[in-house]
Amino acid sequence: MATIQSGPLIGGLEVDNTYDDPRERAPLVLNGRSFGDVTNIVMNAHERPWSKTWTIMFAISLALLSVLTATLGFLFSTGVGVWGNNQPVGWAFDIINFVFWVGIGHAGTLISAILFLLRQNWRTSINRFSEAMTIFAVICAAMYPGIHVGRPWLAYWLLPIPNQMGMWPQFRSPLMWDVFAVSTYFTVSLMFWYVGMVPDIATMRDRAKTKLGYYVYGFLSLGWTGSSRHWHRYERMYLLLCALSTPLVLSVHSVVSFDFATSQLPGWHTTIFPPYFVAGAIFGGFAMVLTLAIPARKWLGLQDLITMRHIDNCAKVMLATGMIVGYAYATEFFIAWYSNYGYEQFVFMNRPIGPYWPYFWAMVFCNVISPQILWFKWARNNLWIVFIVANFVNAGMWLERFVIIVTSLHRDFTVGAWGMYVPTWIDIAMFAGSFGLFFTGFLAFLRFLPILAMAEVKTVMPQAHAHPPHHHGESDDHHAARERDFAATDYRPDEAGGNGNNAPKPATDNPGDKPWRGGNW
């Protein structure tokens, strides 16, 4: 089988399963791993002692989280005047960061829900931590609408409940739509994430080495036994949550774009914003998935489960959505010219040649130019290139929100109302602190919850099907020998009521293939 020089696995080479052969499916789990091997690889990340790398990163994240806590306390005690917001730039880092974090939270639900409905098997190895990424990104995003109003202790006024002032929310305001859209998205995503983990949490329960771990994971696993009745209800629930999540992927960021599109401000008042924002959210979300997946697969030894095929597919999605974003940029300039509306034309010409021109051209380079290298397979097979491009896109998507918001506000209709925006140290510290909140939650997830969907990964392995596939580059004699070995294997149902994924159990003396207590692999 062909190999590529993108990261050490066996003898310094990784297996290249990115080929496209219409006669067969590329393997999604490499090196002939068994069901027991999959469980052991994933569980090793939780059962081994804390590594130095994880400890250092968690300490840095906690330090940034403490910075966020301190800056929030200073903000609440002093007021929003500590920000760099002014007239006419009334929105700045608060809304920029809100839209940025909401966008990052889109890839997880897209991978889990839409790709599940489209029966894309390659999603199984990356859906779990992309869903976790969604949860923590939306938590970071939900923080900003509560604090940017200036009086966060009155945030309950946003809810349609009777209060002492006899006021009701303004339901014609897109800011009100944000509250319901983001809260609904977070609720459904949290349920989707948790329900999907139940079978794997039961495996952690059965392998727990302490009473505390056994009782905690036992409580979270909801009494899961792996019976056919449990699997039937689980799969039905999972499908229903997929159906609920799919329209949310498209609607939430469309609603966020209405914050701008329903206004009369030049640069914002455009009908292209909803699809433009959705494509940008998926673009930035997949970039963050790659940013997290590439180091995680190396540090946690997941190269056989998160393969080059998964990295290649994510890079292709990022390239496709990046082309959509680039097309949207060009369309904005074309419509501004075609409209013959002077104010609109001024706003768009002010972006590339005005005082904020470095931000605009940096955005164009990061979001339009840098992803073009992903057209080449050799680039997609080089983990360093993919990782660098993904981080360029992360920076570019933040710059995009900065350009859209600040450059449309800082030049008002009259010259006397013009002004410049410069972020204060509180703005910058709060933004850095939001990353602390994100990575603290994500690193805790890597340590204490199943990082891969073990039960789903096993369903795409050859052992879960009647016959082993004919591998790429494999001779007919070798394939026939594997057919004989496969047929000679004694597969039988698990008498204990399930093996953690309802897949057949091979009779073997390999300790890695023996069922663990409770029937889970």
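What you are looking at is a predicted structure, and each value in this text was computed from that prediction instead of being measured.

Conventions used here
- Residues numbered from 1 in each chain as written.
- Predicted model: local features only at pLDDT ≥ 70, side-chain atom pairs only at ≥ 80, totals over all residues.
- Heavy atoms only, no water.
- Helix = DSSP H or I, 4+ residues; strand = E, 2+ residues; numbered from the N terminus.
- Buried < 20%, exposed > 50% of the residue type's maximum accessible area, 1.4 Å probe, protein only.
- Contact = heavy atoms within 4.5 Å.
- Areas by Shrake-Rupley, 256 points an atom, 1.4 Å probe, with all protein chains shown as cover.
- 1 Å grid on protein atoms, 1.4 Å probe; cavity = no way out; pocket = protein on both sides within 12 Å on 5 of 7 lines; lining within 4 Å.
- Points joined across faces, edges and corners; volume = space filled by probe spheres on them.
- Nonpolar A, V, L, I, M, F, W, Y, C, P; charged D, E, K, R; others polar.
- Salt bridge = Lys/Arg side-chain N within 4 Å of Asp/Glu carboxyl O.
- Core = buried A, V, L, I, M, F, W, Y, C linked by side-chain atoms within 4.5 Å.
- Axes fitted to C-alpha atoms, helices over the stretch in contact; angles between N-to-C directions.
- Left-handed = near helix turned anticlockwise from the far one by under 90°.
- pLDDT = per-residue confidence, 0-100.
- Phe/Tyr/Trp six-rings, centres within 6.5 Å; stacked < 30°, edge-to-face > 60°.
- Lys NZ or Arg CZ within 6 Å of the ring centre and 35° of its normal.
- Patch = residues over 30% accessible without salt bridge, like charges linked within 9 Å, V, L, I, M, F, W, Y side chains within 5 Å.

**With respect to the overall build of the protein chain**
A tally of helices and strands in the protein chain yields 17 helices and four strands. Taking all 521 residues of the protein chain together, 55% fall into the buried category. Sequence-distant contacts, at least 24 apart, represent 76% of the contacts inside the protein chain between residues at least 6 apart. Accessible surface, the protein chain as shown: approximately 23200 Å² in total, 68% of it carbon and sulfur.

**What about empty space enclosed by the protein?**
One pass over the full model with this rule turns up three cavities of 30 Å³ or more. As a volume, the largest cavity reaches approximately 50 Å³. Lining the largest cavity we find Y276, Y329, E332, F333, R351, F360, M363, V403 and I404. Going through the elements one at a time, α10 (308-339), α12 (357-369) and α14 (383-409) are the ones with two or more residues in the lining of the largest cavity. Per-element accounting of the lining of the largest cavity gives the leading share, three residues, to α10. Split by residue class, the lining of the largest cavity holds seven nonpolar, no polar and two charged.

**Focus on the pattern of salt bridges**
Two side chains of opposite charge can pair, provided their charged atoms sit close to one another. In total, this model carries eight salt bridges according to the counting rule given. One salt bridge in this structure joins R207 and E47, with 2.9 Å as the shortest N-O distance. One end of the pair, R207, is in the loop between α6 (174-206) and α7 (211-220); the other, E47, is in helix α1 (residues 35-47), with 160 residues separating them in the sequence. You can call E47 partly exposed: its relative accessible area is 30%. We note a salt bridge from R401 to E400, for which the minimum N-O separation is 3.8 Å. Each member of the pair, R401 as well as E400, carries the same accessibility label: buried.

**Some remarks on the nonpolar core**
Counting 127 residues, the largest nonpolar core has W101, F129, F260, Y276, M430, F445 and I451 as its most contacted members. In contact with Y276, not counting residues within four places along its chain, are V325, A328, Y329, E332, E400 and I404. Membership of the second largest hydrophobic core comes to 13 residues, among which are A113, V195, Y234 and L241.

**Notes on the packing of helix α5 (residues 127-147) against helix α9 (residues 273-299)**
Axes are the key here: two packed helices are described by the angle between their axes and the distance separating the axes. In contact at an axis separation of 10 Å, α5 and α9 are set at 120° when each is read in the N-to-C sense. Crossing angle aside, the handedness with which α5 passes α9 is right-handed. Where α5 approaches α9, its residues F129, S130 and M133 are matched on the opposing element by G285, M288, V289, L292 and A293. Looking at the contact of α5 with α9, its residues break down into six nonpolar, two polar and no charged.

**Remarks on the environment of V188**
Following the sequence through the fold, V188 ends up in helix α6. Using a relative accessible area of 12% as the deciding quantity, one classes V188 as buried. Sequence-wise, V188 and L248 are 60 residues apart; in three dimensions their C-alpha atoms are separated by 8.9 Å. Not counting residues within four places of it along the chain, the set of residues in contact with V188 comprises L241, L244, S245 and L248.

**A few points about the environment of Q87**
Along the chain, Q87 turns up in the loop between α2 (52-78) and α3 (93-104). Spatially, the C-alpha atoms of Q87 and A417 are 7.6 Å apart, while their sequence positions differ by 330 residues.

**Notes on the packing of α5 against helix α15 (residues 425-448)**
Packing of α5 against α15 leaves a shortest axis separation of 9 Å and a crossing angle of 145°. In the crossing of α5 with α15, the sense of the turn from one axis to the other is right-handed. Residue-level contacts link R128, F129, A132, M133, F136, A137, I139, C140, M143, Y144 and I147 of α5 to M430, F431, S434, L437, F438, G441, F442 and F445 of α15. Its residues placed into classes, the contact of α5 with α15 shows 16 nonpolar, two polar and one charged.

**Concerning unusual backbone geometry**
The peptide bond linking Q87 to P88 adopts the cis configuration, its omega dihedral lying at 15°. Inspection of the secondary structure puts P88 in the loop between α2 and α3. A positive phi angle, near 55°, is found at R119, a position not held by glycine. Secondary-structure assignment places R119 in the loop between α4 (106-117) and α5. Although it is not a glycine, L222 adopts a positive phi angle of roughly 60°. Along the chain, the position of L222 falls in the loop between α7 and α8 (228-261). Taking relative accessible area as the criterion, L222 reaches 58% and is therefore assigned exposed.

**Let's talk about the confidence of the model for the protein chain**
Any segment with low pLDDT has predicted coordinates that should not be analysed in fine detail. When pLDDT is averaged along the protein chain, the result is 82, and 85% of the positions lie at 70 or above. Considering each helix and strand of the protein chain separately, the mean pLDDT is smallest for strand β1 (residues 3-4), with a value of 35, and largest for α12, with 95. Ignoring residues within four places in sequence, the model shows residues 1-13, a span with pLDDT below 50, making 32 contacts including any to other chains. Below a pLDDT of 50 lies the segment residues 486-521, which in the model reaches 80 contacts outside its immediate sequence neighbourhood of four places, other chains included.

**Quick look at the packing of aromatic side chains**
Pairs of aromatic rings are described using the distance from one ring centre to the other and the angle between the two planes. Summed over all chains, the structure comprises 52 aromatic pairs. Between the aromatic rings of F260 and W268, the centroid separation amounts to 4.9 Å while the plane-to-plane angle is 75°, which identifies the pairing as edge-to-face. This pair shows no difference in class: F260 is buried, exactly as W268 is. An angle of 85° between the planes, with centres 5.7 Å apart, marks the rings of Y276 and F277 as edge-to-face. The side chain of R119 reaches across the aromatic face of F116, ending 5.2 Å from its centre. R351 extends its terminal NZ or CZ atom over the ring of F348, reaching a point 4.6 Å from the ring centre.

**Digging into a nonpolar patch on the surface**
On the surface, F365, I369, W384, I388 and F392 cluster together into a nonpolar patch covering about 530 Å² of accessible area. Going through the elements one at a time, α12 and α14 are the ones with two or more residues in the nonpolar patch. Looking at the nonpolar patch element by element, the count peaks at three residues for α14. Residue position: F392 is located in helix α14.

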